[in-house]
Amino acid sequence: MKQDLDTAPAGAVAAPLPWWGRALAGGALAALPVIVIGLIVLMVAPGWVQNLTAMALINLMIVVGLQIYSGNSGIVHLGHSAFVGLGAYGMAILTTPLVMKKLSIPNAPFGLAGVELHWLPGAALALLVVGVIAWISARVIARLSGIAATIVSLAFLMVIHSVFLHWPALFKGNQGFFGIPKLIGLPELLLAACAVILIARLFRESPGGLQLRASAQDQKAADAIGIDSRALRRHAWILSALVCGLAGILFAVFSGTISPRLFFFQQVMLTLAMLILGGMASVSGAVAGAVILSLVLELIRNIESGVTIGGVTTPALLGLSGVALGMVIVLCMALRPQGLLGHREADDFLEKWRVSRTPGRNDRRDENATR
Amino acid sequence: MLSVSGIHKSFGGVLALAGASLDCAASEVVGLIGPNGAGKSTLVNAISGFLVPDQGMITLGGQPLQGRSPQEISAAGVARTFQNLRIFPDLTVRQNVEVALLRARRLNPDRAASLRTDDLLETFGLASRARETAGSLPYGTRRWMEIARAMATAPRILLLDEPAAGLNDEETERLHQVITLIRDRGDVGVVVIDHDLAFINNVCSRLFVMDQGRLIASGVPADVWRDPQVIEVYVGPGNRADTTEPIR
Ligand SMILES: Nc1ncnc2c1ncn2[C@@H]1O[C@H](COP(=O)(O)OP(=O)(O)OP(=O)(O)O)[C@@H](O)[C@H]1O
Ligand SMILES: [Mg+2]
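Residues numbered from 1 in each chain as written. Chains lettered and ligands numbered in written order. Predicted model: local features only at pLDDT ≥ 70, side-chain atom pairs only at ≥ 80, totals over all residues. Heavy atoms only, no water.

**A word on the overall build of chain B**
Part 1 of the argument: Tallying secondary structure elements over chain B gives 10 helices and 10 strands in all.
Part 2 of the argument: Compactness check: chain B gives a C-alpha radius of gyration of 18 Å against a globular reference of 18 Å for 248 residues, within 12% of the reference.
Part 3 of the argument: With respect to the three principal axes, the spread of C-alpha positions in chain B is 50 × 40 × 35 Å.
Part 4 of the argument: For chain B, with 248 residues in total, the buried portion stands at 56%.
Part 5 of the argument: A sequence separation of at least 24 residues applies to 67% of the contacts in chain B between residues at least 6 apart.
Part 6 of the argument: Charge-centre separation for chain B: the mean point of 25 positive side chains lies 7 Å from the mean point of 28 negative side chains. (Helix = DSSP H or I, 4+ residues; strand = E, 2+ residues; numbered from the N terminus. Rg over C-alpha atoms; globule rule 2.2 N^0.38 Å. Buried < 20%, exposed > 50% of the residue type's maximum accessible area, 1.4 Å probe, protein only. Contact = heavy atoms within 4.5 Å. Lys, Arg positive; Asp, Glu negative; His and termini not counted. Charge placed at Lys NZ, Arg CZ, Asp CG, Glu CD.)

This is the structure:
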């Protein structure tokens, strides 16, 4: 039905990249600051800074995982740390050497006390377990939208946490699960973080991701064009869980020790604050929030324990980082509820800037206005 | 092709539809008119699956539609716009249209095969704004985008709920052209609701007049406007004259 109803010049729309091209290019751009910081730390920073950076990268992966569900469906997810925990414990149970297992979980059920897998099948199986649990929980959660879904995600966190705590034969309960082989360091985490950023961006730009975002913005309009938002929410939930599970697996083989409280409220709040700060509607926002808040909190932790400036030592301010975290959420909600980047990706900003500098584009605008 | 008969729907005590009927063939444009509160939008909601009628039959090409979900009805080939504009504000104009086309390519590959996002954008005068965020568009442009999105579902029936509301004369003229163009494709029937009677008389070959949830007259415009009940409702005994030019 091409017709000359429009007086605008033809070809005003340059052929856009296919969605996966846009996703990969944009994802690379969002990952760029992470790569730069990571490489600098890797080359010049002392060991303790490398460790801090590694932990920040794990948090970043969790934030990006959270973004996959929350950012595209518009529903706040408070249960993602359950999947981080499931990945971490899955990896711990499957790959910890038998000698260590004799000490920690000698009575593990299902014959798991006698299982010691190589890291690759171990990780694959742990991810599979995360995927199955995500698939089951998705059947419940995807029926819901808005606050109901948020509450159920919180209930899910409580259930999984409770299982970790009260099934010591398998999870070793309140005490730390130790003796997990430490297999990776900063370089591997850096690679994984980049991969996760690309995955999240690919999902966001994919046909399914676009439809899910549309349904989050207007459910009725989405229904009217036949979008199956329930199925899409299910897919997003599962992919989000897998990414969070992967972060958990990597955490387990990075730190060597895990315990249930690591995958509970504190982590949920920290990663949620990062996502809210950066802006949950975009992957770039998730990355920016994670990077910025990691830096700020590290600074605050230093002040917290007292600093010496010009011979004067400030008193220790315990709990300052908790207060700061709360403040970030409050300030963000009050001043910029859509987060630093809003619904835009880094490449959208670049595009906007490029267009505003291109002469001729503005002429076209004027022509339009006077039409 | 679309056939609607004897639809009843009550909300609590309010009988919004009390035997509404309508039909529309492919390549036909019919008008659905009536005073405020007559039940026009409620009928559109019933046809498109947003509410389930208490009674009545809705069929498209012989297939019953009632009781099906909005998604299924969209897949069957019914597209609609909303009286209060519903757009995806954070997506670009192009994405607003494309998202519907992506879905149509899955649900109706044959019908959607000939559709291209760029053509739709151009037809509706949106090409130059394709990259803008939909939420930043002026009202009239949003209307075009909503109709373009509905057309991107490759529909067999297009239901337009007050498409001319808020448009100026020039834009209304363009709307007339666009609706004619859709009709001339030959495989789409269009149902237009509007209070702009001049516009309705111009674009529609048949009219359905509703009042208080009932169909009170139908037929070619010339006949309908001679119907005593229609005259009663529209120009009636003085006290109802206010319904001819609604503020909305
Ligand atoms: N969801 C609802 N709940 C209760 N009453 C409703 C609902 N939807 C519509 N109604 C009532 O049904 C009647 C018909 O409303 P409807 O919106 O269909 O009228 P309309 O013909 O589209 O009017 P207008 O020209 O003002 O758009 C009105 O009395 C309205 O108040
Ligand atoms: Mg109405």
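Now, onward.
**With respect to the coordination of the magnesium ion (ligand 2)**
Residue and element names in this part refer to chain B.
Part 1 of the argument: Looking at the magnesium ion (ligand 2), the protein donor atoms are Ser 41 (OG) and Gln 83 (OE1), and they sit 1.9 to 2.1 Å from it. Of this pair, Ser 41 sits in helix H1 (residues 40–47) while Gln 83 is found in the loop between strand S6 (78–80) and helix H3 (93–107), placing the two residues 42 residues apart along the sequence.
Part 2 of the argument: Note on Gln 83: relative accessible area 19%, which makes it buried. (Donors = N, O, S within 2.8 Å, 3.2 Å for Na, K, Ca; no water.)

**Here's the deal with the layout of surface pockets**
All names here are of chain A.
Part 1 of the argument: Of the volumes computed, that of the second largest pocket is approximately 1,000 Å³.
Part 2 of the argument: If you trace the second largest pocket, you find 36 residues lining it, with Leu 52, Met 55, Ala 56, Asn 59 and Arg 301 closest to the centre.
Part 3 of the argument: Elements that contribute at least two residues to the lining of the second largest pocket include exactly helix H1 (19–44), helix H2 (47–73), helix H12 (265–278), helix H13 (283–304) and helix H14 (320–335).
Part 4 of the argument: Broken down by class, the residue content of the lining of the second largest pocket amounts to 23 nonpolar, 9 polar and 4 charged. (1 Å grid on protein atoms, 1.4 Å probe; cavity = no way out; pocket = protein on both sides within 12 Å on 5 of 7 lines; lining within 4 Å. Points joined across faces, edges and corners; volume = space filled by probe spheres on them. Nonpolar A, V, L, I, M, F, W, Y, C, P; charged D, E, K, R; others polar.)

**A look at the confidence of the model for chain A**
Part 1 of the argument: Per-residue confidence for chain A gives a mean pLDDT of 87; residues scoring 70 or more make up 91%.
Part 2 of the argument: Of the regions scoring below 50 in pLDDT, residues 1–13 of chain A engages in 33 contacts with residues more than four places distant in sequence or in other chains. (pLDDT = per-residue confidence, 0-100.)

**A closer look at the interface of chain A and chain B**
Interface size is commonly expressed as the accessible area that is lost once the parts come together.
Part 1 of the argument: Taken together, the 35 residues of chain A in the interface contact 41 residues of chain B.
Part 2 of the argument: A salt bridge links Glu351(A) to Arg131(B); the shortest N-O distance between them is 2.4 Å.
Part 3 of the argument: Across the contact surface, chain A and chain B share 8 residue pairs in polar contact (both at pLDDT 80 or more).
Part 4 of the argument: Every element with two or more residues in the side of chain A that touches chain B is listed here: helix H9 (207–217), helix H10 (219–224) and helix H16 (361–369) of chain A.
Part 5 of the argument: Ranked by the residues each element gives to the side of chain A that touches chain B, the list is headed by H9(A), at 6 residues.
Part 6 of the argument: Split into classes, the residues belonging to the side of chain A that touches chain B amount to 15 nonpolar, 6 polar and 14 charged. (Salt bridge = Lys/Arg side-chain N within 4 Å of Asp/Glu carboxyl O. Polar contact = N/O pair within 3.5 Å; in protein donor to acceptor, adjacent residues only side chain to side chain.)

**Focus on the confidence of the model for chain B**
Residues and elements named next belong to chain B.
Part 1 of the argument: Residues with a pLDDT of 70 or more make up 95% of chain B, whose mean pLDDT is 91.
Part 2 of the argument: Confidence over residues 239–248 falls short of pLDDT 50; this stretch has 20 contacts with residues more than four positions distant or in other chains.
Part 3 of the argument: Reported for the predicted complex are a pTM of 0.89 and an ipTM of 0.91.

**Notes on the pattern of salt bridges**
Part 1 of the argument: A full pass over the atoms with the stated rule returns 22 salt bridges over all chains.
Part 2 of the argument: With its nearest N and O atoms 3.6 Å apart, the salt bridge here joins Arg201(A) to Glu345(A). Here Arg201(A), found in helix H8 (residues 186–205), pairs with Glu345(A), found in the loop between H14 and helix H15 (346–357); they are 144 residues apart in sequence, far enough to count as distant.
Part 3 of the argument: Residue class for Glu345(A) comes out buried when judged on its relative accessible area of 0%.
Part 4 of the argument: As a salt-bridge pair, Glu28(B) and Arg206(B) come within 2.6 Å of each other at their nearest N and O atoms. Residue Glu28(B) is found in the loop between strand S2 (14–24) and strand S3 (29–33), and its partner Arg206(B) is found in strand S9 (residues 206–211); the two are separated by 178 residues along the sequence.
Part 5 of the argument: Looking at Glu28(B), the relative accessible area reads 12%, which means it is buried.
Part 6 of the argument: Residues joined by salt bridges that share partners form a network here, namely Arg22(A), Arg201(A), Arg204(A), Glu205(A), Arg213(A), Glu345(A) and Asp347(A).

**So, H1(A)**
The periodicity of an α-helix, 3.6 residues per turn, causes residues three or four places apart in sequence to face the same way.
All names here are of chain A.
Part 1 of the argument: With 26 residues, H1 ought to run about 38 Å at 1.5 Å a step, and its terminal C-alpha atoms sit 38 Å apart, in line with that.
Part 2 of the argument: Within the span of H1, buried status applies to Gly 21, Ala 23, Gly 26, Gly 27, Ala 30, Ala 31, Val 34, Gly 38 and Val 41.
Part 3 of the argument: Packing partners of the buried residues in H1 comprise H2, H8, H13 and H15. (Expected span 1.5 Å × (residues − 1).)

**Side note on helix H5 (residues 119–141) of chain A**
Residues and elements named next belong to chain A.
Part 1 of the argument: Helix length check: H5 (23 residues) gives 31 Å between terminal C-alpha atoms against 33 Å at 1.5 Å per residue, within 8%.
Part 2 of the argument: Every buried residue belonging to H5 is among Gly 122, Ala 123, Ala 126, Val 130, Gly 131, Ala 134, Ser 137, Ala 138 and Ile 141, and all of these are buried.
Part 3 of the argument: Buried residues in H5 make contact with H2, helix H3 (80–95), helix H6 (146–166) and helix H11 (229–255).

**Quick look at the sheet that holds S9(B)**
All names here are of chain B.
Part 1 of the argument: Overall, mixed pairing links the 6 strands, which are arranged S6-S7-S8-S3-S9-S10 in an open sheet. The outermost strands of the open sheet, each flanked by one partner alone, are S6 and strand S10 (214–219). Neighbouring strand axes in the sheet, compared pairwise and without regard to direction, differ in orientation by 20° on average.
Part 2 of the argument: Here 4 bridges tie S3 to S9, and the two strands are oriented parallel to one another. Within S9, the residue paired with Gly 31 across the bridge is Leu 207.
Part 3 of the argument: This element, helix H6 (residues 139–151), spans S6 and strand S7 (157–161) of the sheet and lies at about 160° to S7. (Pairing = 2+ DSSP bridges. Axes fitted to C-alpha atoms, helices over the stretch in contact; angles between N-to-C directions.)

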